[in-house]
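A closer look at the structure
One-letter residues, chain by chain:
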Amino acid sequence: MIPKIAVVGSLHVDLLLRTERLPHPGETLLGKELRMGMGGKGANQAVAAARLGAKVWMVGRVGRDEYGKKMVENLRRNGVEVSHVRVNGRPSGMAFIFVDRRGENLIGVYPGADEGCGVEDVEGARSVLRKADLLLTQLELPLPTVERALEVAAEEGKKKVLNLAPSRPLSPGAWKGIDVLVANEGEARRAVGRGRVRDLAERLRRKGPEAVVITLGERGSYLMTGEGGRRVEGVKVRVKDTTGAGDAFCGALAVALASGRPLEEAVLWANCAGALATTRVGAQEALPSREEVDRLFRRLVSEKFKGGGKEGLGP
Ligand code: RIB
């Protein structure tokens, strides 16, 4: 059965500048390479999921400009269904990204058309949420839109995965409807304050999500459920650019969960997708294929259980 995913989220054009290191305030840095690519956490996650074999519907907004046309065309080329990507009068969203030699990044977003994506866009896409197995959303759209998407998905009895990116304060009720919340360490800290990863995950889970995943780069992820917390291992790769790695992770996690895979196995598979995305430059250009993720996953599992014959994937 093909997993079916509705993504309610942002679409951007990314301008990516590679520099030796990230700039300091007030500093001018000369870059080594400039790239223009397709981005936006919503669109990246939609493409990630489609590339991994899911049927994907995108709900979002682009501007009435050339960039808007290019973004829609690009989604189509990647097999994403775009009938709920609407056009509005604002310029298309754009992101300005610095990437240093270690692959670390710094991102500023001009939301533009994203801001015109309102609760009516979600209501208009109810049929899509009805057809999908799972809603995948992030926080680059207006918060009422994201919160309404979570409600509608709940009304339709669907699974909900929220990527807390960028970290913004949700209303108390919204936390409760989430099946899996995904955040990186920085986003988790901005939401619940300082502490060790385990404490952050616990505090986030106390807000209401069924499960919380904190992504940790090459250290893998930390998974917290009602049964407790554990680290799900990562993969060491040669990092070129971390842009979009979280999106690759979320897209893969959504595909695995919509396919009915157990949560811990889904997180391990998504760790593989996130790692592969860091080995190439850019957001959508760097998203891995199904074959690549499966191959890396098989390698990881066989290394983990070498000589073992153990059941399950837990440490
Ligand atoms: O997660 C990476 C994405 O964040 C970029 O593609 C950029 O557009 C911003 O939305």
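From a predicted model like this one, the values you see are computed outputs, not experimental measurements.

**Thoughts on the site of the ligand**
- In the vicinity of the ligand, the contacting residues are His-12, Asp-14, Gly-39, Gly-40, Lys-41, Asn-44, Ala-95, Val-109, Glu-140, Gly-244, Asp-247 and Ala-283.
- Contacts to the ligand include Glu-140, whose side-chain N or O atom sits 2.7 Å from an oxygen atom.
- Between an oxygen atom of the ligand and a side-chain N or O atom of Asp-247, the distance comes to 2.7 Å.
- Of all the secondary structure elements, the ones that give two or more residues to the shell around the ligand are β2 (12-18) and α1 (41-51).
- Residues of the shell around the ligand, tallied by class, amount to 3 nonpolar, 5 polar and 4 charged.

**Observations concerning the pattern of salt bridges**
- One pass over the full model with this rule turns up 30 salt bridges.
- Ionic pairing is found between Arg-61 and Asp-121, a salt bridge with its closest N-O pair at 2.8 Å. Remark: Asp-121 occurs in helix α3 (residues 119-124) and Arg-61 occurs in strand β4 (residues 55-63); sequence separation between them is 60 residues.
- Judged by relative accessible area, Arg-61 falls into the buried class, the value being 8%.
- Among the ionic pairs, Arg-148 bridges to Glu-155, the shortest N-O distance being 3.3 Å.
- Overall, the relative accessible area of 17% leaves Arg-148 in the buried class.

**Things to note about the packing of helix α9 (residues 245-258) against helix α10 (residues 263-277)**
- Interhelical geometry of α9 versus α10 gives an angle of 150 degrees and a closest axis separation of 7 Å. Here α9 runs over α10; the crossing is right-handed. Along its contact with α9, which presents Ala-245, Ala-248, Phe-249, Ala-252, Leu-253, Val-255, Ala-256 and Leu-257, the element α10 presents Leu-263, Ala-266, Val-267, Trp-269, Ala-270, Asn-271, Ala-273, Gly-274 and Ala-277.
- Looking at the contact of α9 with α10 residue by residue, the class counts come to 15 nonpolar, 2 polar and no charged.

Cut-offs and rules
- Counting starts from 1 at the beginning of each chain's written sequence and moves along it residue by residue.
- This being a predicted model, a pLDDT of at least 70 is required before a residue's local features are given, and a value of 80 or more before pairs of side-chain atoms are given or counted; all residues contribute to the totals for chains, interfaces and linings.
- Hydrogens and water molecules were not included; the side-chain quantities draw on all heavy atoms of the structure.
- Nearness here has a simple test: a residue counts as near a molecule or strand if at least one of its heavy atoms is within 4 Å of that partner.
- We call two N or O atoms a polar contact when they sit within 3.5 Å, provided that within protein one can donate a hydrogen and the other can accept it, with sequence-adjacent residues counted only if both atoms are side-chain atoms.
- Note on conventions: DSSP H or I runs of at least 4 residues are helices, E runs of at least 2 residues are strands, and numbering of each starts at the N terminus.
- Asp, Glu, Lys and Arg are counted as charged, while Ala, Val, Leu, Ile, Met, Phe, Trp, Tyr, Cys and Pro are counted as nonpolar; the rest, among them Gly, fall into the polar class.
- Put simply, a salt bridge is a Lys or Arg side-chain nitrogen that is within 4 Å of an Asp or Glu carboxyl oxygen.
- We call a residue buried when its accessible area falls under 20% of the maximum for its residue type, exposed when it is over 50%, and partly exposed in between, using a 1.4 Å probe and counting protein chains only.
- As a rule, the C-alpha atoms of each element are fitted with a line to give its axis, helices using only the stretch in contact, and angles between N-to-C directions run from 0 to 180 degrees.
- In this scheme the crossing of two helices becomes right-handed for a clockwise turn of the near helix relative to the far one and left-handed for an anticlockwise turn of less than a right angle.
- Note on definitions: a residue-residue contact is assigned when non-hydrogen atoms from the two residues lie within 4.5 Å.

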